[in-house]
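Close look at the chain arrangement
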Amino acid sequence: MFSLSSAYVTLEVKMGLKVTGRCALTFKTVSGTFFYEMEQDIRQFLGNLQPEFDLTWRTTTDSYGYMWIVFEGKRIEDLLAGLTTVSDIVEERGFSDKLLAAVFEFSSDREEGRKTRQQYLIYNYKRNKFYPFVPTGQKTIDAEQQMKIMAAVAEEIPFERDMTLWYPLWDLPLRSLG
Amino acid sequence: MFTKKQPWQKRDTGLTARMIVSFAVLTVLYIIFLSVLAYVGVSAIAIAVIAGIMILAQWYFSDKIVLWSTGAKIVSREQFPELHDLVERIVARNNLSKPRIAVINTRTPNSFATGKTPKSSIVAVTTGLMDELDAEELEGVIAHELAHIKNRDVLVLTLASIFSVMAWYLMRFGMYGAMFGGGGGGGYGRRGNEGGAAMLLILLIAVITWIASFLIIRAISRYREYVADRDGALITGKPSKLASALLKISGTMKRIPTRDLREIEGMNAFFIIPAVSGSSFTNLFSTHPPVAQRVKKLMEMEAAMS
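Residues numbered from 1 in each chain as written. Chains lettered and ligands numbered in written order. Predicted model: local features only at pLDDT ≥ 70, side-chain atom pairs only at ≥ 80, totals over all residues.

**Digging into the overall build of chain A**
A tally of helices and strands in chain A yields four helices and eight strands. Counting from the amino terminus, helix and strand elements in chain A follow one another as α-β-α-β-β-α-β-β-β-β-β-α. Looking at chain A as a whole, 40% of its 178 residues qualify as buried. Considering only residue pairs separated by 6 or more positions, chain A has 66% of its internal contacts joining residues 24 or more positions apart. (Helix = DSSP H or I, 4+ residues; strand = E, 2+ residues; numbered from the N terminus. Buried ≥ 20, exposed ≤ 12 C-beta atoms within 10 Å, placed from the backbone. Contact = placed C-beta atoms within 7 Å.)

Okay, here's the thing in structure tokens:
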């Protein structure tokens with residue numbers, strides 16, 4: 001996943017996509033003591049983020065029963081370190097099969113006749129690969145833009161070249177701060 | 001339901017298959033015809049002349065043969081005003097001559113260009129292509145076809161087939177000479193079992209030569225496709241539009257799922273199957289490997305232009 005720490009520059013130069021400083025990690029919640037202990041571990045880590053990492057965080061649980069840990073920060077290295085530490089805790093506690101995805105948010109500064117909007121790279125923990133996600137509305141995507149993102153960074157990061165596995169994550173909770 | 005063969009994986013074959021079969025049948029027919037001529041003792045020079053005339057005729061009538069074999073109909077401005085406008089816009093901007101426009105009434109999205117000279121050429125699109133693509137994508141496809149015309153690809157491929165027929169002819173002639181010991185024009189008197197076997201061998205070699213030349217022509221035409229992609233993209237200035245048209249035509253676009261990852265995740269078996277039958281599997285058996293390659297090149301162009 002750390003390959004992204006250099007590939008984001010390519011996205012900015014080639015595509016005009018800037019890291020917004022928001023990223024998230026999501027895993028399926030289950031009941032039980034071991035899972036509860038893992039959650040406590042994660043919360044303890046999150047509670048002691050500062051001053052080592054310049055990050056803010058919040059958690060939320062979606063309607064699918066997935067817990068989201070959303071990070072905000074200025075430096076991509078901090079964001080990646082935050083995500084990796086959480087995923088390490090999940091794996092150490094034996095819940096690696098519950099890890100679903102990490103999501104990185106970008107925004108476009110090129111207008112090209114359309115509104116500026118959020119675009120994402122999704123990291124699938126089952127496949128250990130990135131793929132693009134450019135939602136344009138309710139359950140619609142900009143496939144062409146997703147193709148362009150693939151063309152721009154597929155050589156630099158482990159990329160999911162099989163488009164039939166580009167599963168969307170609708171209604172990402174990265175921005176619902178209310 | 002996620003791994004079954006999708007219907008669009010086999011949809012792009014019809015039109016191309018009909019054209020290939022038409023021309024293959026024609027080629028086999030004249031190879032047989034020339035073989036018979038040779039067998040009955042017509043002189044080598046006469047056969048060369050006849051073969052030349054036949055190839056010229058095929059080239060001369062290529063547009064009619066293509067129209068006939070695909071069921072494309074030339075359409076007037078009154079019938080398809082938007083299509084005519086679209087073609088005229090591209091042509092005017094790039095100082096090309098306007099081709100005749102034909103439409104094929106089928107849901108399969110496809111297109112082709114044919115014609116002896118840029119002036120007399122035809123660009124044909126299917127109704128399915130017009131339905132499926134947006135205006136800019138259709139423009140990309142038509143620019144690709146116009147690039148074929150500009151590059152005189154019909155002529156290039158005709159020349160390639162002339163060389164392949166010549167290669168076949170030389171081979172057959174060499175064989176003939178070897179078998180009959182260089183005796184000039186003695187074909188008639190030596191018919192019988194030997195002659196029959198020789199004829200069979202000649203046909204066999206002719207078929208092998210034809211297959212080889214078919215592969216060579218395919219290689220040339222694949223290369224011309226890349227060139228037409230590049231030139232077409234330069235005409236419109238939007239490589240990504242042609243790329244997305246190619247993805248739509250090949251059905252790749254529809255394979256990007258819309259179901260949420262979290263819904264899919266519940267089905268445990270799901271991630272095991274694609275892990276095995278993922279990219280390496282589709283690369284081996286994909287019906288359209290060139291589309292991915294063409295899209296990749298176009299996207300590289302797009303990245304370089306932006």
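Still to come is the rest of the account.
**Description of helix α6 (residues 135-150) of chain B**
Residue and element names in this part refer to chain B. Across its 16 residues, α6 extends 22 Å between first and last C-alpha, which sits within 8% of the 22 Å expected from 1.5 Å per residue. Burial within α6 is extensive, with 13 of its 16 residues counted as buried. Once α6 ends, the next one or two residues include R152, with phi positive near 55°. (Expected span 1.5 Å × (residues − 1).)

**Some details on the packing of helix α4 (residues 143-153) of chain A against helix α9 (residues 239-250) of chain B**
At their nearest, the axes of α4 of chain A and α9 of chain B sit 10 Å apart, and the two run at 110° to each other. As judged from the angle between their axes, α4 of chain A and α9 of chain B are roughly perpendicular. For the pair formed by α4 of chain A and α9 of chain B, the contact residues are A143, E144, M147 and K148 of chain A on the first element and S240, A243, S244 and L247 of chain B on the second. Of the residues belonging to the contact of α4 of chain A with α9 of chain B, the class tally is four nonpolar, two polar and two charged. (Axes fitted to C-alpha atoms, helices over the stretch in contact; angles between N-to-C directions. Parallel < 35°, antiparallel > 145°, perpendicular 65-115°, else oblique. Nonpolar A, V, L, I, M, F, W, Y, C, P; charged D, E, K, R; others polar.)

**Section: the pairing of strand β3 (residues 66-73) of chain A**
Residues and elements named next belong to chain A. Within β3, seven of the eight residues are buried, leaving the element largely enclosed by the surrounding structure. For strand β1 (residues 17-28) and β3, the ladder comprises seven bridges, and the chain directions are antiparallel. Note that in β3 the partner of F27 across the bridge is M67. Note: strand β2 (residues 55-61) against β3, seven bridges, orientation antiparallel. (Pairing = 2+ DSSP bridges.)

**Describing the interface of chain A and chain B**
Taken together, the contact pairs 24 residues of chain A with 28 residues of chain B. Listed by contribution, the elements that provide at least two residues to the side of chain A that touches chain B are β4 (99-108) and α4 of chain A. For the side of chain A that touches chain B, the element with the most residues is α4 of chain A, which contributes six residues. Among the residues making up the side of chain A that touches chain B, the classes are represented as 16 nonpolar, one polar and seven charged.

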